[in-house]
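Here are the chains, one letter per residue:
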Amino acid sequence: MKKKTLFSVLLVCLLTMMSAVQVFADEPYLFDTTGDGNLNAAVWDKDGDGNYETVELNYGNMLGEGEDPDPDPDPPVPPVPDPPVPPVPDPIPVPIPEPIKLPVPNATVNLINMTLNDVSGNLVSFSVNGGHWSYPQIGGGSLDGYGIKANDYIKVKYIATPNSEEIDSDEQTISIEQARAPIGIFTTDAPNAGANGSINGLDTTMEYCVSGTGNFISISSSSVSVQPGNYDVRVKMSAAKFASSNVTVTVGQGQKQKQPTPNANFNAMNMTLGSVGNGVMYSFDGSNWTRNGSNSNVTVSDSQAASALSHMIQLKTPGDGNTVDSDIQAIKITKANTPNGISSQGASGGNNGAILNIPSNCQYRPCGGNWQNVNGNSVTGLAAGNYDVRVGGMYTCLPSDSVTINISSTGVVTPPGKTGTPSADFDAKTGLLTDLLGTRFSVDGGKTWSAICTANSIVLSASQLSTKNGIEVYRPGDGLTIKDSGVQIIKLAKATKPTKITTTPAKGKATGSINGLNGTLEISPDGGKTWAAVPAGMRVHPATAGTYLVRTEGYHTTLPSDPVKVTVKKTK
């Protein structure tokens, strides 16, 4: 198809389309014929004859022939954007002034005057033990009428002035304290009737009175001279603290003479206590005492002797009012080892049986009969039956436990039986366990055993010993004909911990002291490494400044007590 024909067809289509569109005769209809997005043609009734023509878009045919286009056309005016609207700021808040909190008071209490002091010019209110608050006033106020006592507390606060920018302060708490009771107070007894003793270890913060009167006297030195009797001593009341609790001390009336110490003796062969003396008291268990009513000897039973093995036999001469009890005489007794290795020859038809291989110093008897001494190492001419054999008593050594030997009626030789139970001895003061030769012992309740083969004694440390386990000892047999012995059990007790031990400070170059002592105590200056016994009758022990341990010493099967720690202070 020819281009002209194609163009005509296109033009007809275009005109047909435009026929449906209202077009103004004096204005062109613009359109894009090339599809490049630019308007480059128009349908326009240029001549005004009612016929529309398609023309290229140019200034000439748009303005009419003969007219020159605007040589300087106005450039397109870009749209002017609306000016940005600035944000409206939030309104600035008007600051509200913070209330001014009043400072916490720094008040003090004067217990002597019962006033609340050291308060600034603010209004003050106080409360006792959480009770109602007092009416605010300047300067604190009186505490009278509140019944204030030790361990009470007072709360104090400043009160804001009405209609001001102030608010009440935080609360101050004042604890009402009691002075600490004095320590290190000791006394000196009057040397004789009518003389004065003294109360010592005092200072000027203290006061004293006759016990129970409440008429306290101020103290101006480290010692006051007083008549024998009981006295109350306390730290006196100050502005800051109530008076301490009372410490009661006793000033004795002279030194009474001790009665003479008994000089009795014990004979284990006939089980008697001799030279006891009329009026002398004796004990086998350390607690129950019996007064001897004559100068005769005292017979000791087997049960009393068994008790004395643990506590010793103790004797004392009691005081008579003008004298005090004597020192105690203690008689330590032991027990012989049970014999072992004994055999017998049976009786074949009469009194021709025998007990053989008997150790020295032994006794025998038909079971239930009377004891007879054995001369030599055998007893012959015996009828068939059971016989007891034991090592006899001697001096302070009790007879041993017995072993039972059977003499058969068939003439058979009976081999040795069970070996004898040991009779070891223990001294808690030194820790020495003796009479151990050929035995084994245990200090942990029989869990472990230590063999003693060549020595006869051993020293046990405090850490090895306890009242729970005690000490157990047995003698092993030979594994063939001799069985192990029975177990000897040594029960242990513990001494009572000392009380009322006080100290006096070492002032300047002077020596302080440890007070409240007696002859049953011992002192360690090195934390328990070494101990020194307190001599009998000593109540005050001179001591330099430092820390000391004091305990009740051990004796026989009673272990030393737990120690108490005391400190002798150094003062100027």
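Residues numbered from 1 in each chain as written. Predicted model: local features only at pLDDT ≥ 70, side-chain atom pairs only at ≥ 80, totals over all residues. Heavy atoms only, no water.

1. Considering the overall build of the chain
Then comes step 1: Counting its secondary structure elements, the chain contains 3 helices and 58 strands.
Then comes step 2: In the chain, which comprises 572 residues, the share counted as buried stands at 35%.
Then comes step 3: Considering only intrachain contacts with a sequence separation of at least 6, the fraction spanning at least 24 residues in the chain is 55%.
Then comes step 4: Accessible surface, the chain: about 33200 Å² in total, of which carbon and sulfur atoms supply 53%. (Helix = DSSP H or I, 4+ residues; strand = E, 2+ residues; numbered from the N terminus. Buried < 20%, exposed > 50% of the residue type's maximum accessible area, 1.4 Å probe, protein only. Contact = heavy atoms within 4.5 Å. Areas by Shrake-Rupley, 256 points an atom, 1.4 Å probe, with all protein chains shown as cover.)

2. Quick look at the sheet that holds strand E6 (residues 115–117)
Then comes step 1: Strand order across the open sheet formed by 3 strands is E5-E6-E9, with antiparallel pairing between neighbours. In the strand order of this sheet, the two ends are held by strand E5 (108–110) and strand E9 (141–142), each with one partner.
Then comes step 2: By the bridge criterion, 3 bridges tie E5 to E6 in an arrangement that is antiparallel. Bridge pairing in E6 places Val109 opposite Leu116. (Pairing = 2+ DSSP bridges.)

3. What to know about the environment of Ala533
Then comes step 1: Along the chain, Ala533 turns up in strand E53 (residues 532–533).
Then comes step 2: The sequence separation of Ala533 and Ile523 amounts to 10 residues, and the corresponding C-alpha distance is 6.4 Å.
Then comes step 3: Each residue touching Ala533, except ones within four places of it in the same chain, is listed here: Leu521, Glu522 and Glu553.

4. Considerations on the packing of aromatic side chains
Then comes step 1: Scanning the model with the defined rule gives 4 aromatic pairs in all.
Then comes step 2: Ring centres of Tyr282 and Phe284 lie 5.7 Å apart, and the angle between their planes is 65 degrees; this geometry places the pair in the edge-to-face category.
Then comes step 3: Overall, Tyr282 belongs to the buried group, its relative accessible area being 11%.
Then comes step 4: Stacked on the ring of Trp371, the Lys or Arg Arg390 has its end atom at 4.1 Å from the ring centre. (Phe/Tyr/Trp six-rings, centres within 6.5 Å; stacked < 30°, edge-to-face > 60°. Lys NZ or Arg CZ within 6 Å of the ring centre and 35° of its normal.)

5. Observations concerning the sheet that holds strand E45 (residues 457–459)
By definition, the strands of a sheet pair up through backbone hydrogen bonds, in either a parallel or an antiparallel sense.
Then comes step 1: Within the open sheet, the 3 strands sit side by side as E41-E42-E45. Their pairing is antiparallel. Where the open sheet ends on each side, the last strands, each with one partner, are strand E41 (425–427) and E45. Averaged over all neighbouring strand pairs, the angle between strand axes comes to 15 degrees, with direction disregarded.
Then comes step 2: Of the pairings in the sheet, the one linking strand E42 (residues 432–434) to E45 comprises 3 bridges and is antiparallel in character. Looking across to E45, one finds that Thr434 is bridged to Ser457. (Axes fitted to C-alpha atoms, helices over the stretch in contact; angles between N-to-C directions.)

6. Some thoughts on the confidence of the model for the chain
Then comes step 1: For the chain, the average pLDDT comes to 82, and 82% of its residues sit at 70 or higher.
Then comes step 2: Element-level mean pLDDT values for the chain span from 46 in helix H2 (residues 59–63) up to 95 in strand E16 (residues 206–210).
Then comes step 3: Below a pLDDT of 50 lies the segment residues 59–68, which in the model reaches 13 contacts outside its immediate sequence neighbourhood of four places, other chains included. (pLDDT = per-residue confidence, 0-100.)

7. Focus: the side chain of Gln314
Then comes step 1: As for its placement among the helices and strands, Gln314 is situated in strand E28 (residues 313–316).
Then comes step 2: Given the relative accessible area of 10%, Gln314 is considered buried.
Then comes step 3: At 3.3 Å, the side chain of Gln314 and the backbone oxygen of His311 are in polar contact.
Then comes step 4: In contact with Gln314, not counting residues within four places along its chain, are Met281, Tyr282, Ser283, Gly286, Trp289, Ile328 and Gln329. (Polar contact = N/O pair within 3.5 Å; in protein donor to acceptor, adjacent residues only side chain to side chain.)

8. Structural notes on the environment of Gly353
Then comes step 1: Looking at the secondary structure, you find Gly353 in strand E33 (residues 353–356).
Then comes step 2: For Gly353 and Thr410, which are 57 residues apart along the polypeptide, the C-alpha to C-alpha distance reads 9.6 Å.
Then comes step 3: Once residues lying within four places of it in the same chain are set aside, the contact partners of Gly353 are Gln345, Gly346, Ala347, Val379, Thr380, Gly381, Leu382 and Ile407.

9. Quick notes on the layout of surface pockets
Then comes step 1: Approximately 770 Å³ is the volume found for the second largest pocket.
Then comes step 2: Considering the residues around the second largest pocket, the lining is formed by 40 residues, among which Leu309, Lys335, Leu398, Pro399 and Asp401 are closest to the centre.
Then comes step 3: Only helix H3 (302–311), strand E31 (334–335), strand E34 (362–366), E41 and strand E47 (488–490) provide two or more residues apiece to the lining of the second largest pocket.
Then comes step 4: Examining the composition of the lining of the second largest pocket, we find that 5 residues originate from one element, H3, more than from any other.
Then comes step 5: Classifying every residue of the lining of the second largest pocket gives 18 nonpolar, 15 polar and 7 charged. (1 Å grid on protein atoms, 1.4 Å probe; cavity = no way out; pocket = protein on both sides within 12 Å on 5 of 7 lines; lining within 4 Å. Points joined across faces, edges and corners; volume = space filled by probe spheres on them. Nonpolar A, V, L, I, M, F, W, Y, C, P; charged D, E, K, R; others polar.)

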